[in-house]
Amino acid sequence: MSKLEHAFLSEIMTTKVVTVDISERVEEALRLMVKFDIGSVVVVDKQKPVGIITERDVTRAALRGDSLLRLPVRSLMSRPLQTTTPNMEIWRTFELMLKLGVRRLPMVENDRLVGIVTEKDLTRWVLRIFYEPNLPEEVQGLITNPRIEALTGRPKCPSCGRYQDECICVRTQLASEE
């Protein structure tokens, strides 16, 4: 067996997964997707991953004419949540994602979300393997996996309940005080 056949998801997974509580509205999930420039948010219930809401889920609902922003994420999320573990071989992940028709797979251990692997992660891996051992500098920048900043500790606006860094109330208040 070659080195490629012994490569595991733990080597390429993103460990900082953006999540949204099942009680939140679709609007919050979309805000997170825009803020972190991602295509999905894992839905959790008491820290346990129970679903995923994707750009595709939102697009399909929009075409039905649903009033999306006020809907709870549970009404649009894909479920049951398709998951894998960090010790899955990368080449098997390609097969699984194609079979399931998904573009991202959250990774769970003992009912705990530990990471996510996306098509982008897999593409970076293929690019790295293709060029090894002589990885050109311009390709190195393409294959690094930027980490998503931690979401904990973000203060919420007392007026509207949104995160202050995304809230128009706080920005309006600050502007009027100047």
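Residues numbered from 1 in each chain as written. Predicted model: local features only at pLDDT ≥ 70, side-chain atom pairs only at ≥ 80, totals over all residues. Heavy atoms only, no water.

Another aspect to go through is the packing of aromatic side chains. Summed over the entire model, instances satisfying the criterion amount to two aromatic pairs. Ring centres of phenylalanine 130 and tyrosine 131 lie 5.2 Å apart, and the angle between their planes is 85 degrees; this geometry places the pair in the edge-to-face category. Over the ring of phenylalanine 36 we find lysine 35, and its NZ or CZ is 5.7 Å from the ring centre. (Phe/Tyr/Trp six-rings, centres within 6.5 Å; stacked < 30°, edge-to-face > 60°. Lys NZ or Arg CZ within 6 Å of the ring centre and 35° of its normal.)

Bringing the pattern of salt bridges into the picture now. In total, this model carries three salt bridges according to the counting rule given. A salt bridge links arginine 92 to glutamate 89; the shortest N-O distance between them is 3.2 Å. Under the relative-accessibility criterion, arginine 92 is labelled partly exposed at 40%. Ionic pairing is found between aspartate 121 and arginine 124, a salt bridge with its closest N-O pair at 3.4 Å. Of this pair, aspartate 121 and arginine 124 both sit in helix α4 (residues 119-131), three residues apart, which is roughly one turn of the helix. One exposure class covers both aspartate 121 and arginine 124, and it is buried. (Salt bridge = Lys/Arg side-chain N within 4 Å of Asp/Glu carboxyl O. Buried < 20%, exposed > 50% of the residue type's maximum accessible area, 1.4 Å probe, protein only. Helix = DSSP H or I, 4+ residues; strand = E, 2+ residues; numbered from the N terminus.)

This part takes up unusual backbone geometry. A cis amide bond links arginine 79 with the next residue in sequence, proline 80, at an omega value of 5 degrees. Along the polypeptide, proline 80 turns up in the loop between α2 (55-63) and α3 (90-100). The backbone phi angle of aspartate 111 is positive, close to 60 degrees, even though this residue is not glycine. Within the fold, aspartate 111 resides in the loop between β4 (104-109) and β5 (112-118).

Two elements in contact, α3 and α4, have axes separated by 11 Å at closest approach and are oriented at 140 degrees. In terms of their interaxial angle, α3 and α4 are classed as oblique. Note that α3 runs across α4; the crossing there is left-handed. Each of Ile90, Thr93, Phe94 and Met97 in α3 lies in contact with α4, whose residues at this interface are Glu119, Leu122, Trp125 and Val126. Looking at the contact of α3 with α4 residue by residue, the class counts come to six nonpolar, one polar and one charged. (Axes fitted to C-alpha atoms, helices over the stretch in contact; angles between N-to-C directions. Parallel < 35°, antiparallel > 145°, perpendicular 65-115°, else oblique. Left-handed = near helix turned anticlockwise from the far one by under 90°. Contact = heavy atoms within 4.5 Å. Nonpolar A, V, L, I, M, F, W, Y, C, P; charged D, E, K, R; others polar.)

Here helix α1 (residues 26-36) has its buried residues at Val26, Glu27, Glu28, Ala29, Leu32, Met33 and Phe36. Tucked into the core, α1 has its buried residues touching β1 (19-21), β2 (40-45), β3 (48-54) and α2.

Before going further, it helps to spend a moment on the pairing of β2. Across the six residues of β2, five count as buried, placing the element largely inside the fold. By the bridge criterion, three bridges tie β1 to β2 in an arrangement that is parallel. When the sheet's bridge partners are listed, aspartate 21 is paired in β2 with valine 44. You can see the chain leave β1, run along α1 and come back into β2, and the turn it takes is right-handed. Bridge analysis of β2 against β3 gives six bridges, and the strand direction is antiparallel. Opposite aspartate 45, over in β3, you have lysine 48 as the bridge partner. As consecutive antiparallel partners, β2 and β3 are separated by two residues, and within that stretch lysine 46 has a phi angle of approximately 55 degrees, a positive value. (Pairing = 2+ DSSP bridges. Right-handed = clockwise from strand over helix to strand, strands pointing away.)

On a regular strand, one side chain projects to one face of the sheet and the next to the other, so that they alternate. Taking burial as the measure, the six residues of β4 include five buried ones, the bulk of the element. In terms of strand pairing, β4 meets β5 through six bridges, oriented antiparallel. Looking across to β5, one finds that proline 106 is bridged to isoleucine 116. The hairpin turn running from β4 into β5, its antiparallel successor, is two residues long, and asparagine 110 in that turn takes a positive phi close to 50 degrees.

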